[in-house]
Amino acid sequence: MEPGRRRGRRAHTADEAAAVLRKAWCRLRLSARHPARVPAWDAVVLTAASPEQAALYDRQLARARRLGRFPPSTAALAVPDPDGARIGSGGATLHAVASLVHHLISQASEEEIAEFFPEADGSSPADLPLASVIRFMATKHVLLLHAGGDSKRVPWANPMGKAFLPVPYLAGDNRDGPVPLLFDHILAISASARQAFKNQGGMLIMTGDVLPCFDASDLVLPDDAACIVTVPTTLDVASNHGVVVASKEGTEGENFSLCLVDNLLQKPTMSELVEAQAFQDDGRPLLDTGIIAVRGKAWQELVALAYSSSQAMIQEIITSRNELSLYEDLVAAWVPTRHEWLRNRPFGRQLIAALGRHKMFSFCSYDFTFLHFGTSAEVLDHLAGTYSELVARGHMCWIPETTACDIAPSTVILSSKISAGVSIGEDSLVYDSSLSGRVRIGSQSIVVGVNVHELIKDTPQVISNTCFTLPDRHCLWEVPLVNSMGRVMVYCGLHDNPKLSIKRDGTFCGKPWRNVLEDLKIQDTDMWDSSNHDKCLWNARLFPITSPSEMLNVGMWLMGSGHDPDGEVSCMWRKSQRVSLEELHRSIDYHQLCTDSSKHQADIAATIAKSCMTNGLLGRNLFQLCEEMLVDNDSSLQVCKELLTYFPSHGDQYSGVLPQSRAYQVKMDLLRASGDLSTASMVEEKVWASVASETSSAVKYRSKEPSTNAMSSSNGNLHPKKAMVELPVRVDFVGGWSDTPPWSLERPGCVLNMAISLEGSLPVGAIIEATEDRHGVLIEDDAERKVYIDDLSSISHPFREADTFRLVKSALVATGILGHRILSKSGLKIRTWANVPRGSGLGTSSILAAAVVKGLFELMEDDASDDNVARAVLVVEQIMGTGGGWQDQIGGLYPGIKCTESFPGQPLRLQVVPLLASPQLIQELEQRLLVVFTGQVRLAHRVLEKVVTRYLRRDSLLISSIKRLAELANTGREALMNGEIDELGGIMLEAWRLHQELDPFCSNRAVDELFAFADPYCCGYKLVGAGGGGFALLLARSVSSADELRRALRESAAFDVKVYDWSVAMPR
């Protein structure tokens, strides 16, 4: 490694963090939708502190599966510590692995049983041979998330678990979807890390209260070893955390270094850091991030230890009350310098014997941001600080107009109903709550799961003339209790540390305990037993179980925002049954908690849906709202049926702003949600008919009647005429989908593409002749197929999808030539060709339609301008039933490189701006850009249907992706005008990611392998058109790289591809 080089790790900016997270989420969605192409985890495992918490986590895992966070093939389970005992993170790891082995074996298919356990014969998993178990698990890929324990520093997260905190980063990308949780973001980051394991099995271990914001696809994992992710840190941070001492020798990449681990330190002093030589060349030690990967043989040995010995080890841990730590004990087995220390620890010799044959590496990332959600203040900091731009501040919530309440702009309100009269201060968080009446929430406060309603009506005498007030920097939450004990409201200060005792200056509601006792005139014996020597907030019996209004009343008194002049509140508090945070943690009714939360969120979705229907269907995703509603099946089916009753008046009321296709799509979705599938199928036909009708209405192409003598000689006889049209194909750099109806009928579009010839010729064309010897229409193609139609009235749509000549027939209908006088005295002979592979993605179908339409217009002496032809082709594609946009025909009709914009209206307006490129730029582009046929045939029609359906549903993620593609087209135009071909490569890569976001099946494993092969040579690549196969563009880093890639593809036996000779089709 290069000595003395300082690698400047810094926190990501908001834009950088957003880019990292969006890339990770894209990878997560791809792995869930198309795991054959982007491998997913074989199992996701969460550790839990108790069976009750494990049941809650199982529900969260079911939610994640329902939302498409992982595919059906991924096993998901929560594993509680046995008997609720504290066994440490190392013990929990071994117990989780052993439990997973038993689970996977019990779920194994007959084929797996025959392959791995032929001797099973009904044996239980515990009786199977160890070698067979190891072989079975050797290729499994497992994500293990440590999420057990009590969240003392984030006490309001105890009911849900810190891993399931709301973290609404990028929630605006999917505004009608559920609030993203910390767990969701961790899954997204881990999805990229999964790729680093490749085909060698293993496990990735993460912690549930940390979001590691880095591009985990850059992770490099050595074979048959453990690897811990580290980051350079400052000395003050290092002294309070784990430090990894890495070898000075290793592998160095652009943003990482990979070295053997020489030593491990826990909360080291300065002298210990110096003695261990823990400093890097730049003077900084390496922080242990808590992310550990175990791969290959090291993974197999961990499985062997867990399967064969964990039960006995854990029983001994429970008996001796000695916890086994993952980060001190277990990992020390992979670090030889720690073996002497480890031998004197419980199970140390056993760990060394089982795991010590393999080593641990440090993967030090220099592009890593560490977001710790360890305290309530940290949670608010991550919502209001550097990354506040990523936060959706009003996601899936119901808030009245600004004149009816006072809510600070920086407040984050998630999955909540806020009624008139409520005030909320700056930088506060309100989640999963309903607030109504006279309620004031201070600044930097947190409210979770609270239901405050009819406060004025049901207010006790003590606060009859006031409202409920939660002071600044406080937390308030409400949870149901087991055994029908009711609900309890809990509160504390934002910065209170429940672990700190009175003797160690512990606080409650921000005030030292001695001041609290003095101000409230209560004794410590009112809250703590005399036998309790560690008196702190965690074990203080503070919180009464009584009526909601009384709990709020007592809460204001305890927090100091309410008065008790007559002592009634303190008397009520002393007489009531009370619980501590510690007791509460053991008394939560998790089932009721989940049921209440699901019903609450379904109610909010229903409220939003009703408002959307009442006010015009103008922007919300009713399909997704219905999915949220249907989680609560009891009442939601009736709500969906009720929404259907809103339809009859919409056609007249919103005809200027509500497209008929959108209305039909919503109706179809509601019918399906209501269970009326047969009617939904009939409405679906109306959806596509409406799209075609709206396209035809918006695309006005000119048609003129020829003069009476235009087609005749002086003696009145028709002269035969002939039109020949040859066109290039197009390759698109970026902007596709923004040209496609109905998007282009309602929103601006922009595409950057280029017309090219292949193998020295224009590959697409048509010859159209007027014939005197026959009056019908003869159609021939380049496959020597032909059809003669003498009855012109039989040419009418809809045409069968299997009709070989439906393109030409649709052009005959669209141009109006079937009713033209030219066919009263003559016939037509039409011959077409396209010298490119089928399913090329080069826009061949549309360009061939353009050639036929242009030829027909020329024959009719009609307007054969490129602009008019392009519009007519849009109608041709709607008649054909294939849909499609304008970019293909624009790409073939207009020569060279051009940036084309469309503007919605009546009619649709197209503006083609040719790129004035220098000869030098054209030459460099032709030398560096490889146009490669992948050998994979693609069909855009089905892809188009899925994308259009998502648009009609107003899928926020799809809309933002297409908007970005249109923006990138303009950016690419500027890059080319400035001669920045490398920048164009980066734009192509982002465009390719967005295309995969729109449809995960736009690629396949063969294409992925081609791109991975080409990546070292290229600055950009993508499939052309809608993807799925066909042609690829590979933009090399230099002319020499292009030559090397061409040669490498030619010599590789792994790819059956063809690199075409091509050139820009310039104006003639």
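A. Broad picture of the overall build of the chain. Helix and strand content of the chain: 35 helices and 42 strands. Here the chain has a C-alpha radius of gyration of 34 Å; the compact-globule value for 1068 residues is 31 Å, and the two agree. Dimensions of the chain, computed from C-alpha atoms along their principal axes, come out at roughly 125 × 70 × 65 Å. Buried residues in the chain amount to 59% of all 1068 residues. Taking as baseline every contact in the chain between residues at least 6 positions apart, the subset at least 24 positions apart corresponds to 71%. For the chain, the exposed surface amounts to about 42800 Å²; the carbon and sulfur share of it is 48%. Between the averaged position of the 105 positive side-chain charges in the chain and that of its 127 negative side-chain charges there is a distance of 2 Å.

B. Structural context of the pairing of strand E35 (residues 827–834). Two elements, strand E32 (residues 764–771) and E35, share eight bridges in a ladder whose sense is antiparallel. Within the sheet, the bridge partner assigned to Ile768 lies in E35 and is Ile830.

C. Molecular detail of the packing of helix H1 (residues 14–33) against helix H6 (residues 182–197). Close contact between H1 and H6 brings their axes to 8 Å; oriented N to C, the two are set at 75°. Taken together, the axes of H1 and H6 lie roughly perpendicular to each other. Contact residues: Val20, Leu21, Ala24, Trp25, Arg27, Leu28 and Ser31 in H1; Asp184, His185, Leu187, Ala188, Ile189, Ala191, Ser192 and Gln195 in H6.

D. Representation of the sheet that holds strand E22 (residues 468–470) in the model. One open sheet accounts for four strands, arranged E13-E16-E19-E22; its pairing is parallel. Of all strands in the sheet, those bounded by a partner on one side alone are strand E13 (406–407) and E22. As judged from the two bridges shared by E13 and strand E16 (residues 423–424), these two strands associate in the parallel manner. Residue pairing for E16: Ile407 is matched across the bridge by Ile424.

E. The sheet that holds strand E18 (residues 434–435), seen in detail. Pairing within the open sheet is parallel, and its three strands lie in the order E15-E18-E21. Edge strands, defined here as strands with exactly one partner in the open sheet, are strand E15 (417–418) and strand E21 (451–452). In this sheet, E18 lies alongside E15 in parallel orientation, the contact comprising two bridges. Of the residues in E18, the one forming a bridge with Lys417 is Ser434.

F. Molecular detail of the nonpolar core. Core analysis: the biggest nonpolar cluster contains 134 residues, and Trp156, Trp477, Val488 and Leu542 have the highest contact counts within it. Considering each element in turn, this core owes the most residues, 10 residues, to H6. Sequence-distant contacts of Leu542, that is, excluding residues within four places in its chain, are made with Phe508, Trp513, Met527, Leu537, Leu558, Trp573, Arg578 and Val579. Formed by 106 residues, the second largest nonpolar core is a distinct cluster that contains Val687, Ile756, Leu823 and Ala870.

G. Summary view of the packing of aromatic side chains. Enumeration over the complete set of coordinates arrives at 21 aromatic pairs. Look at Phe116 and Phe136: their rings are 5.5 Å apart centre to centre, the planes differ by 75°, and that puts the pair in the edge-to-face class. Of this pair, Phe116 sits in helix H4 (residues 110–116) while Phe136 is found in helix H5 (residues 130–137), placing the two residues 20 residues apart along the sequence. Taking the relative accessible area as the measure of exposure, Phe116 reaches 11% and is therefore buried. The exposure class of Phe136 is buried, given its relative accessible area of 2%. By way of ring pairs, the aromatic residues Tyr57, Phe164 and Phe183 are connected into one cluster. The cationic tip of Arg338 hangs over the ring face of Trp341; the distance from NZ or CZ to the ring centre is 4.5 Å. Here Lys1058 stacks its cationic end above the ring of Tyr1060, 4.3 Å away from the centre of that ring.

Rules used in this analysis
Residues numbered from 1 in each chain as written. Predicted model: local features only at pLDDT ≥ 70, side-chain atom pairs only at ≥ 80, totals over all residues. Heavy atoms only, no water. Helix = DSSP H or I, 4+ residues; strand = E, 2+ residues; numbered from the N terminus. Rg over C-alpha atoms; globule rule 2.2 N^0.38 Å. Buried < 20%, exposed > 50% of the residue type's maximum accessible area, 1.4 Å probe, protein only. Contact = heavy atoms within 4.5 Å. Areas by Shrake-Rupley, 256 points an atom, 1.4 Å probe, with all protein chains shown as cover. Lys, Arg positive; Asp, Glu negative; His and termini not counted. Charge placed at Lys NZ, Arg CZ, Asp CG, Glu CD. Pairing = 2+ DSSP bridges. Axes fitted to C-alpha atoms, helices over the stretch in contact; angles between N-to-C directions. Parallel < 35°, antiparallel > 145°, perpendicular 65-115°, else oblique. Core = buried A, V, L, I, M, F, W, Y, C linked by side-chain atoms within 4.5 Å. Phe/Tyr/Trp six-rings, centres within 6.5 Å; stacked < 30°, edge-to-face > 60°. Lys NZ or Arg CZ within 6 Å of the ring centre and 35° of its normal.

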